[in-house]
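As a plain string of letters, each chain reads:
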Amino acid sequence: LALGKAAQGRQLLEALRESSEPEDQQLAAIWLEILNAHQKGVAPSEGLFLELANNGSTDRVRFEGWMAAGNLRMSAGRIDDAIISYRSAVAVASAVNHRLALAALRAAEERASSVLGLGGPGSLVVGRRTIQPRPVAPAPALVEFRLDGRLVASSRRAPFATSIDFGRIPQRQILEVRSLDAAGRVSDRTRVVVNRRSDEFAIRIVEPSTHELNGFVDVEVATEVPRGRLIESVLVEWNDRRVALMTSAPYRTRFEVKVGERGILRAVMRMDDGSEVEDVLLANAGAMTLASEVHLVEVPVYAERELTAEEIVVKEGARQRAVDRVISAEESPLRIALVLDASHSMGEHILDVQEAAIRFVETQLEDRDRIMMLAFNQSARILWPTNDRALIEKAILAIRPRGITSLHDAMTIALLQIPSPGSRRALVVFSDGMDTNSQLSPREVAEVARRSGVPIYVLSLRPNFGPHMPRTGRDSVMIDTPWAIVRQEQARLHKVTRSTGGRTFNLDSLEKLESIFAEIGEDLRKQSLVIYQTEPSASEWRPVEVSLRSGERLRSPEGVYVAGEGEDGQ
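Only a predicted model underlies this, so the values are computations on that prediction, with no experimental measurement involved. (Residues numbered from 1 in each chain as written. Predicted model: local features only at pLDDT ≥ 70, side-chain atom pairs only at ≥ 80, totals over all residues. Heavy atoms only, no water.)

Asker: Just to check I follow, could you spell out the overall build of the chain for this structure?
Answerer: When you go through the chain residue by residue, the secondary structure sums to 12 helices and 27 strands. Per-residue burial over the chain gives 51% buried out of 570 residues. Taking the contacts inside the chain whose residues are at least 6 apart along the sequence as the reference set, 67% of them involve residues at least 24 apart. Per element, the accessible surface of the chain, about 27600 Å² overall, is 49% carbon and sulfur. (Helix = DSSP H or I, 4+ residues; strand = E, 2+ residues; numbered from the N terminus. Buried < 20%, exposed > 50% of the residue type's maximum accessible area, 1.4 Å probe, protein only. Contact = heavy atoms within 4.5 Å. Areas by Shrake-Rupley, 256 points an atom, 1.4 Å probe, with all protein chains shown as cover.)

Encoded structure:
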């Protein structure tokens, strides 16, 4: 078929369809459907592709079914559906086909983005990137690029590409791209959250952009929703009076404000599971302000029993802070990221690691806990947060060792994806390799870790290597022996985990792997969240010590990153 010999290709496929092997029959059915549709000038049957993608006799059939469904959806402009198909294809792809599926997935994710050059969802956005907006009609006279509200670049010539420095430390930032016409009016506006969490949902009042309102006021809200979730409605209220209830985008409306009328403009987004989030704007307040002199900070602590706020002492630097409350393990489910090495060196260990990881999920985590699974080599493959145990097990079993190791990047991606404060959290990492391919150094991972406040557990298997082991990371230091490099890498990881209140386990073999996973599970059941009060200030790292009034020191992070006023801490 690739050579244009359709008649000969059809004969071969029809012969294949008569095979006694179910795989041969099903593969022939997929390819004949594509060929028939192409020759007739019609769309192939998506139903056939999805049936074989879900129920095919082998992974090869399921792979071809998902790829065919993805290609069909892409051609129809259903980009989000195509991404789902290609992601499923990646999960079942063989070593030969994995690169093909991953390339299709990345192309679909890039096409789905309103800003080109940022990569697909889950990509780390650091350093200087060349980006450009997706073309819109009519062509603008000027395109402005704003990062967290600050104008950082502009362009007057198509394709309106520019270069923006997102900084060396990955962090959540809001990139806004504004298209202006010749008169300087905004004709189009796009907001993209870089390094965003996969389960993040938020609403923001974009217009009005001023707190002084009078007469007819245009309201526009921007929304951010998790993958696979739907917005049920967006409610806009003025002083508790409904202005509009909208069930589809764009979320825009208009209302009238009387001269001198003070009030609160409120926008509420309701998700399909009943959860809600809101944004408010205080209008025409004059000298009146809404301010809080108390800033609440959470810190994970570990204890053998349930704790009460009255018995806990928190010292932030030299100052003792008031404890607001304690959230126990029973009160809060766990949000955990499980990061597994899928590089080539894992070939001889992968079955044992998969079995231990599945047992960890089945026996050490509760049904209410949500797990994100991330497999990494030179790139990362992510199963977004879920409590579907069958889906998690399938993702673990789909790991196929290949490529080189990007441990630091994988840890950073996971830290950025774990939900924000308000729940117990942890990052569990298994790797047997030295990092040879990451963008980020251990120092930068440590900075992301302390900003996130997530306890990190690292299981580091002593690698098996020959007499020479090159190190290519940005922090590489050539040392006389490979074992010295191993010790240095393990020491760096131990320093990161200790600073977060987590733990490091150095393994010489996999004999105790399952028992160590069980030990981590037991440790996580001892985790509580201590919420204490502090004063807001400029963003800064503050050392913290948590103990009981009896004097017993509790295990906790070495400190907390306190966001400045107006920041969200991400």
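Read on, since the account is not over.
Asker: It is not clear to me how the sheet that holds strand β1 (residues 115-116) should be interpreted in this structure. Could you clarify?
Answerer: Backbone hydrogen bonds hold the strands of a sheet together, and the pairing may be parallel or antiparallel. The sheet built from three strands is open, its strands ordered β1-β2-β5 with antiparallel pairing. Two strands lie at the open edges of the sheet, namely β1 and β5 (162-165), each paired on one side alone. Here four bridges tie strand β2 (residues 128-133) to β5, and the two strands are oriented antiparallel to one another. Following the sheet pairing, I131 is matched in β5 by T162. (Pairing = 2+ DSSP bridges.)

Asker: Looking at this structure, I do not really get unusual backbone geometry. What am I missing?
Answerer: Glycine aside, residues mostly have negative phi angles, and peptide bonds mostly take the trans form. In the segment running from A158 into P159, the intervening peptide bond is cis, with an omega of 10°. In this fold, P159 is placed in the loop between β4 (150-155) and β5. In this structure, P250 follows A249 across a cis peptide bond, with omega equal to 0°. Here P250 lies in the loop between β11 (241-246) and β12 (252-257). Non-glycine residue D148 carries a positive phi angle of around 50°. Within the secondary structure, D148 is located in the loop between β3 (142-147) and β4. At F160, a residue that is not glycine, the phi angle is positive and equals roughly 60°.

Asker: I tried to follow the packing of aromatic side chains on my own but got confused; where do I start?
Answerer: The description of an aromatic ring pair rests on the distance of the ring centres and on the angle between the ring planes. The tally for this structure, following the rule as stated, stands at two aromatic pairs. Taking 5.5 Å as the distance between ring centres and 45° as the angle between the ring planes, the aromatic pair formed by W238 and F255 counts as tilted. Note that W238 is positioned in strand β10 (residues 231-238) and F255 in strand β12, a separation of 17 residues in sequence. The two residues W238 and F255 agree in class, both being buried. Ring centres 5.1 Å apart and planes at 35° place the aromatic pair F360 and F517 in the tilted group. (Phe/Tyr/Trp six-rings, centres within 6.5 Å; stacked < 30°, edge-to-face > 60°.)

Asker: What is the right way to look at the sheet that holds strand β9 (residues 215-224) in this model?
Answerer: Within the open sheet, the three strands sit side by side as β8-β9-β12. Their pairing is antiparallel. Edge positions in the sheet fall to β8 (202-207) and β12, since each of these pairs with one other strand and no more. Strand-to-strand twist in this sheet, taken as the mean axis angle between neighbours without regard to direction, amounts to 35°. The pairing of β9 with β12 spans six bridges and is antiparallel. When the sheet's bridge partners are listed, G215 is paired in β12 with V257. (Axes fitted to C-alpha atoms, helices over the stretch in contact; angles between N-to-C directions.)

Asker: When you look at the pairing of strand β23 (residues 456-461) in this model, what are you seeing that I'm missing?
Answerer: Here is the key point about a regular strand: its side chains alternate between the two faces of the sheet. For β23, the buried fraction is high: six of the six residues fall into the buried class. In β23, alternate side chains face the same way, and those of I456, V458 and S460 on one face and Y457, L459 and L461 on the other are all buried. Where β23 meets strand β24 (residues 503-507), five bridges bridge the pair, whose relative direction is parallel. Across the sheet, the residue bridging to S460 is N506, located in β24.

Asker: Can you help me understand helix α8 (residues 389-397) in this one?
Answerer: Count 3.6 residues to each turn of an α-helix, and residues three or four apart come out pointing the same way. Turning to α8, its buried residues number three or more, namely R389, I392, A395 and I396. Along the axis of α8, the buried residues cluster in a sector spanning 125°; they form a single face. (Arc of directions from axis to C-beta.)

Asker: Where do I start with the nonpolar core in this structure?
Answerer: The nonpolar side chains of soluble globular proteins are, as a tendency, buried together. Counting residues in each nonpolar core, the largest one holds 36 residues, and the members touching the most others are I336, L338, L340, F430, L459, L513 and I520. Broken down by secondary-structure element, the contributors of at least two residues to this core are β19 (334-341), α7 (350-364), β20 (370-376), α8, β22 (424-431), β23, β24 and α12 (513-524). At seven residues, the largest contribution of residues to this core is made by α7. The residues touching I336, leaving out its near neighbours within four places in the chain, are F360, L365, R370, I371, M372, A426, V428 and L524. Counting 28 residues, the second largest nonpolar core, distinct from the first, contains I169, M372, L374 and V445. (Core = buried A, V, L, I, M, F, W, Y, C linked by side-chain atoms within 4.5 Å.)

Asker: Explain the pattern of salt bridges here, please?
Answerer: Pairs can form between side chains of opposite charge once their charged atoms are near each other. Scanning the entire structure with this criterion turns up 33 salt bridges. Residue R503 is joined to E519 by a salt bridge in which the shortest nitrogen-to-oxygen separation is 2.7 Å. In this pair, R503 is assigned in strand β24 and E519 in helix α12, connecting sequence segments 16 residues apart. With a relative accessible area of 36%, E519 lands in the partly exposed category. Residues participating in the shared-partner salt-bridge network are E176, R178, R189, E207, E220 and R252. (Salt bridge = Lys/Arg side-chain N within 4 Å of Asp/Glu carboxyl O.)

Asker: Explain the packing of helix α2 (residues 22-40) against helix α4 (residues 59-75) here, please?
Answerer: Between two packed helices, both the angle of their axes relative to each other and the distance between the axes serve to describe the pair. Following both chains from N to C, one finds α2 and α4 inclined at 15°, their axes separated by 9 Å at the closest point. With respect to each other, α2 and α4 are oriented roughly parallel. Judged by the twist between their axes, the crossing of α2 over α4 is left-handed. Here E23, Q26, L27, I30, W31 and I34 of α2 lie close against α4, whose contacting residues are R60, V61, E64, G65 and A68. The residue makeup of the contact of α2 with α4, split by class, is six nonpolar, two polar and three charged. (Parallel < 35°, antiparallel > 145°, perpendicular 65-115°, else oblique. Left-handed = near helix turned anticlockwise from the far one by under 90°. Nonpolar A, V, L, I, M, F, W, Y, C, P; charged D, E, K, R; others polar.)

Asker: Where do I start with the environment of H349 in this structure?
Answerer: Of note, H349 is situated in the loop between β19 and α7. Separated by 112 residues in sequence, H349 and L461 have C-alpha atoms that sit 10.0 Å apart. Setting aside residues no more than four positions away along its own chain, H349 makes contact with D432, L461 and L510.

Asker: Sorry, what's going on with α4 here?
Answerer: Taking 1.5 Å of rise per residue, 17 residues should cover 24 Å, and α4 covers 24 Å from first to last C-alpha, within 8% of that figure. Summarising burial for α4: 13 of the 17 residues are buried, a large majority. (Expected span 1.5 Å × (residues − 1).)

Asker: Teacher, can you tell me more about the confidence of the model for the chain here?
Answerer: Predicted coordinates in regions of low pLDDT should not be interpreted in detail. Mean pLDDT over the chain: 82, with 87% of residues reaching 70 or higher. Taken element by element, the chain is modelled with least confidence in strand β21 (residues 380-386), mean pLDDT 69, and with most confidence in strand β16 (residues 312-316), mean pLDDT 94. Below a pLDDT of 50 lies the segment residues 287-293, which in the model reaches six contacts outside its immediate sequence neighbourhood of four places, other chains included. Across residues 466-480, where pLDDT falls below 50, the model places 31 contacts with residues more than four positions away in sequence or in other chains. (pLDDT = per-residue confidence, 0-100.)

Asker: Sorry if this is basic, but what is going on with the environment of L175 here?
Answerer: Mapped onto the elements, L175 comes out in strand β6 (residues 173-180). Its relative accessible area of 0% is what places L175 among the buried residues. Sequence-wise, L175 and R146 are 29 residues apart; in three dimensions their C-alpha atoms are separated by 5.7 Å. If we ignore the near neighbours within four places in the chain, the residues touching L175 are V115, L118, I131, R146, L147, I164, T190, R191 and V192.

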